[in-house]
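Each chain, letter by letter, is given below.
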Amino acid sequence: MLSQKILLVEDEQAIADTLIYALGSEGFEIRHVLLGREAFPVHRESPFDLIILDVGLPDTTGFEVLKQLRAHPEGRDVPVIFLTARAEEIDRILGLELGADDYVTKPFSPREVAARVRAILRRDARARNHENTAGKPVWQHEPDALCIAFHGQPLDLTRYEYLLLALLLSASGRVFTREQIMNRVWANAPDTTDRSIDTHIKTLRAKLRAIDPSSEPIITHRGTGYALSSQNP
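Residues numbered from 1 in each chain as written. Predicted model: local features only at pLDDT ≥ 70, side-chain atom pairs only at ≥ 80, totals over all residues. Heavy atoms only, no water.

1. A few points about the pattern of salt bridges
Next up, step 1: Tallying each qualifying case throughout the model produces 13 salt bridges.
Next up, step 2: A single salt-bridge network, built from bridges that share partners, covers Glu10, Glu12, Asp54 and Lys106. (Salt bridge = Lys/Arg side-chain N within 4 Å of Asp/Glu carboxyl O.)

Okay, structure coming up:
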């Protein structure tokens, strides 16, 4: 998986070094510039996943940089976190109204900034995934090809993973008891125990989360069995 790219616009080198170290330790790829006028050209050349933007820059304000970003298609949707030594409410409100996603007041904990970055990127990924899948079926099942796709991505399934998921898909929302699952999925494997159900449910969930980390379409009904959510994840 490619590292997510962050642009840091900060003129205080000590602060920049601290954030570069903290975010780099989290696996992010960091590009640092000192001046506000450098931000948009650098982002347009190679778009970033998120921008951390100091409000008080030597050549301009972070507010003006954000206005420039939001005025162009290349910068309209990129998440932005403001860094500032100014804690006045009017500044926070102005930054958020201009389209910032978060606001961190100096002095701050680098770990807190890293946590906010992760949270915003997760939220952004969920929003983009929703946009990409809107109006499209969450599941696609081709029985003749023994193929099931989730959000348009074919799943790499073993024989019994496929049979189990196909059974749940056959009646979304219906709770299949463990006995029903054993009789239908493992009918030709009489020596198999029902613990195999739990193992295969676990591997299926892992494969589904790899495509959409925010969804849990397989529902456990304790003491009874399993069902596939009748709602879109």
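2. Digging into the sheet that holds strand β3 (residues 50-54)
Sheet strands pair via backbone hydrogen bonds, and the direction of the pair is either parallel or antiparallel.
Next up, step 1: Spatial strand order, β2-β1-β3-β4-β5: five strands in an open sheet with parallel pairing. Edge strands, defined here as strands with exactly one partner in the open sheet, are β2 (29-33) and β5 (102-105). The mean inter-strand angle of the sheet, taken between neighbouring strand axes irrespective of direction, is 20°.
Next up, step 2: Sheet topology places strand β1 (residues 5-9) next to β3; four bridges connect them, and they run parallel. Bridge assignment links Ile6 to a residue of β3, and that residue is Leu50. (Pairing = 2+ DSSP bridges. Helix = DSSP H or I, 4+ residues; strand = E, 2+ residues; numbered from the N terminus. Axes fitted to C-alpha atoms, helices over the stretch in contact; angles between N-to-C directions.)

3. Let's talk about helix α1 (residues 13-25)
Next up, step 1: Taking 1.5 Å per residue as the helical rise, α1 with its 13 residues ought to reach 18 Å, and the 18 Å between its terminal C-alpha atoms agrees with that figure.
Next up, step 2: Every buried residue of α1 is listed here: Ile15, Ala16, Leu19, Ala22 and Leu23. Down the axis of α1, the buried set is contained in an arc of 135°. They therefore lie on one face. Exposed residues on α1 whose side chains face more than 90 degrees from its buried face are Ala14, Tyr21 and Ser25. (Expected span 1.5 Å × (residues − 1). Buried < 20%, exposed > 50% of the residue type's maximum accessible area, 1.4 Å probe, protein only. Arc of directions from axis to C-beta.)

4. Overview of the packing of helix α7 (residues 178-185) against helix α8 (residues 195-211)
Next up, step 1: Contact pair α7 / α8: the axes reach a minimum separation of 10 Å and the direction vectors enclose 85°. By the criterion of interaxial angle, the relationship of α7 to α8 is roughly perpendicular. Packed against α7, whose contacting residues are Arg178, Ile181 and Met182, the element α8 presents Arg195, Ile197 and Asp198 at the interface.
Next up, step 2: Looking at the contact of α7 with α8 residue by residue, the classes come out as three nonpolar, no polar and three charged. (Parallel < 35°, antiparallel > 145°, perpendicular 65-115°, else oblique. Contact = heavy atoms within 4.5 Å. Nonpolar A, V, L, I, M, F, W, Y, C, P; charged D, E, K, R; others polar.)

5. A closer look at the packing of aromatic side chains
Next up, step 1: Summed over all chains, the structure comprises four aromatic pairs.
Next up, step 2: Ring geometry for Phe63 and Phe82: centres 5.3 Å apart, planes at 85°, overall edge-to-face. In this pair, Phe63 is assigned in helix α3 (residues 62-70) and Phe82 in strand β4 (residues 80-84), connecting sequence segments 19 residues apart.
Next up, step 3: Of the aromatic side chains, those joined through ring pairs into one cluster are Phe63, Phe82 and Tyr103.
Next up, step 4: The ring of Phe48 is capped by Lys5, whose NZ or CZ atom sits 4.9 Å from the centre of that ring. (Phe/Tyr/Trp six-rings, centres within 6.5 Å; stacked < 30°, edge-to-face > 60°. Lys NZ or Arg CZ within 6 Å of the ring centre and 35° of its normal.)

6. Some details on the sheet that holds strand β10 (residues 218-221)
Next up, step 1: Read from one edge to the other, the open sheet built from three strands follows the order β9-β11-β10, with strand pairing classed as antiparallel. Looking along the sheet, the strands with just one partner apiece sit at the ends: β9 (176-177) and β10.
Next up, step 2: Note: β10 against strand β11 (residues 225-228), four bridges, orientation antiparallel. For His221, the partnering residue across the bridge sits in β11 and is Gly225.
Next up, step 3: Here α8 sits on the sheet in contact with β10 and β11, set at roughly 150° to β10.

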